[in-house]
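Each chain is listed here by its residues.
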Amino acid sequence: MRVVVPFAATAPKTRLSPVLSPAERSRVAEAMLADVLTTLTETGHEATILATTPVDLEEYDIDPDVLERVSVAVDERPLTEAVNARLGTDDPVAVVMADLALATPAALERLFETEADVAIAPGRGSGTNALVVRHPEFRVDYHGTSYLDHRERAQDVGASLETVDSFRLATDIDEPADLVEVLVHGRDDARAPAVLRECGFELTETDGRVTVSRRESNPSK
Ligand SMILES: Nc1nc2c(ncn2[C@@H]2O[C@H](COP(=O)(O)OP(=O)(O)OP(=O)(O)O)[C@@H](O)[C@H]2O)c(=O)[nH]1
Ligand SMILES: C[C@H](OP(=O)(O)O)C(=O)O
């Protein structure tokens, strides 16, 4: 199965700007991308990064064995148009977002092993964090309530639909509160938790609630 990983290479993760500088946001986004690519490789699939601008993967901290199984396609169009340009073939296509920092091979395999024409791993709040398209007429429409919109679109084109209920695939890293999930549930050998710790983030408990806090001095800022 072809796996496409959309990646906003320029000014990524703007919703993290309250807690991260532009350079740090790029570092975190690149670390999450590296983690997703490593995880995908562990499932035995090759991945194509669908990037907004050319990316030099040699500069990212990616294992050479993983790099061998990854290619880059540049498409400057907005997300929905860029992804739709990869659909419409008879071959199944999976689209896995680059900010799924908690993804594991088992979670992705569960999505890839579905048989429905369209299988969706929704995000919290009705995003579409990962999906598999096996129907030539199905097209995506990202942002907003894209999970609900994609269900409707599947019905419109007569495609069967399966929803994959997965905590690890439902957790995309968009907002400062999501950083808790990376520190708590990130895989031991993952890059993203390490980068956050290098930036000075740590788990804190306030009134019984777990959040992240940042140490005052952080040389990378
Ligand atoms: N190819 C491509 N990928 C995109 C684009 N916008 C977002 N992405 C990727 O799509 C996935 C989901 O992105 P979002 O969380 O909606 O957006 P983001 O740019 O990462 O973050 P925000 O700036 O905070 O919205 C991530 O893997 C992004 O890197 C785009 O215009 N083109
Ligand atoms: C791409 C978009 O991601 P979000 O903005 O919900 O993170 C979506 O899932 O439709």
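Preceding block: the structure.
Residues numbered from 1 in each chain as written. Chains lettered and ligands numbered in written order. Predicted model: local features only at pLDDT ≥ 70, side-chain atom pairs only at ≥ 80, totals over all residues. Heavy atoms only, no water.

**Student:** How do you make sense of the overall build of the chain when you look at a structure like this?
**Tutor:** Per the secondary structure count, the chain includes eight helices and nine strands. Relative to the 2.2 N^0.38 estimate, which gives 17 Å for 221 residues, the radius of gyration of the chain is 17 Å and therefore close to what a compact globule would have. Taken over the C-alpha atoms alone, the chain extends approximately 55 × 40 × 30 Å along its principal axes. Partitioning the contacts of the chain with sequence separation of at least 6, the portion at a separation of at least 24 is 62%. (Helix = DSSP H or I, 4+ residues; strand = E, 2+ residues; numbered from the N terminus. Rg over C-alpha atoms; globule rule 2.2 N^0.38 Å. Contact = heavy atoms within 4.5 Å.)

**Student:** How should I be thinking about the pattern of salt bridges in this particular structure?
**Tutor:** As a working rule, side chains carrying opposite charge can pair if their charged atoms are close by. Per the stated rule, a full pass over the model turns up twelve salt bridges. With a shortest N-O distance of 3.2 Å, Asp174 and Lys13 are connected by a salt bridge. Here Asp174, found in the loop between helix 6 (167-170) and helix 7 (179-185), pairs with Lys13, found in the loop between strand 1 (2-7) and helix 1 (22-42); they are 161 residues apart in sequence, far enough to count as distant. This pair shows no difference in class: Asp174 is buried, exactly as Lys13 is. (Salt bridge = Lys/Arg side-chain N within 4 Å of Asp/Glu carboxyl O. Buried < 20%, exposed > 50% of the residue type's maximum accessible area, 1.4 Å probe, protein only.)

**Student:** Just to check I follow, could you spell out the site of ligand 1 for this structure?
**Tutor:** Taken together, 15 residues sit near ligand 1, with Ala8, Thr14, Arg15, Leu50 and Ala98 positioned nearest. Pro6 is positioned with one of its backbone polar atoms (N or O) 2.9 Å from an oxygen atom of ligand 1. Arg15 places a polar main-chain atom, nitrogen or oxygen, 2.9 Å from an oxygen atom of ligand 1. Comparing atom positions with the cavity grids shows ligand 1 to sit within the largest pocket. (Near = heavy atom within 4 Å. Polar contact = N/O pair within 3.5 Å; in protein donor to acceptor, adjacent residues only side chain to side chain. 1 Å grid on protein atoms, 1.4 Å probe; cavity = no way out; pocket = protein on both sides within 12 Å on 5 of 7 lines; lining within 4 Å. Sits in = over half its atoms within 2 Å of the grid points.)

**Student:** How do you make sense of the environment of Glu76 when you look at a structure like this?
**Tutor:** For Glu76, the location among the structural elements is in the loop between strand 3 (70-74) and helix 3 (79-84). According to the relative accessible area criterion, Glu76 is exposed, its value standing at 69%. Counting along the chain gives 68 residues from Glu76 to Ala8, while the straight-line C-alpha distance between them is 9.5 Å.

**Student:** Is there a simple way to think about the packing of aromatic side chains in this case?
**Tutor:** Any pair of aromatic rings gets described here by the distance separating the centres and the angle formed by the planes. Within this structure, the stated rule accounts for one aromatic pair. The interplanar angle of 75° and the centroid separation of 6.5 Å between the aromatic rings of Phe7 and Tyr60 together place this pair among those described as edge-to-face. Separated by 53 residues along the polypeptide, Phe7 in strand 1 and Tyr60 in the loop between strand 2 (47-51) and helix 2 (64-67) bring together distant segments of the chain. The buried category is assigned to Phe7, whose relative accessible area is 5%. (Phe/Tyr/Trp six-rings, centres within 6.5 Å; stacked < 30°, edge-to-face > 60°.)

**Student:** Please explain the site of ligand 2 as it appears in this structure.
**Tutor:** In the region of ligand 2, the neighbouring residues are Arg15, Leu79, Met97, Gly127, Thr128, Tyr142, His143, Ser146, Asp172 and Asp174. Within the side chain of Ser146, an N or O atom sits 2.7 Å from an oxygen atom of ligand 2. Measuring from an oxygen atom of ligand 2, one finds a side-chain N or O atom of Asp174 at 3.0 Å. Residue composition of the shell around ligand 2, grouped by class: three nonpolar, four polar and three charged. (Nonpolar A, V, L, I, M, F, W, Y, C, P; charged D, E, K, R; others polar.)

**Student:** Would you mind showing me how to read the layout of surface pockets here?
**Tutor:** Empty space among the atoms can be located by rolling a probe the size of a water molecule over them. When its volume is computed, the largest pocket comes out at roughly 940 Å³. As for the largest pocket, its lining consists of 39 residues, of which Lys13, Arg15, Asp99, His143 and Asp174 are closest to the centre. At the level of elements, strand 1, helix 1, strand 2, helix 3 and strand 6 (128-133) are the ones that each hand at least two residues to the lining of the largest pocket. Classifying every residue of the lining of the largest pocket gives 16 nonpolar, twelve polar and eleven charged. In this structure, the second largest pocket occupies an estimated 170 Å³ of space. (Points joined across faces, edges and corners; volume = space filled by probe spheres on them.)

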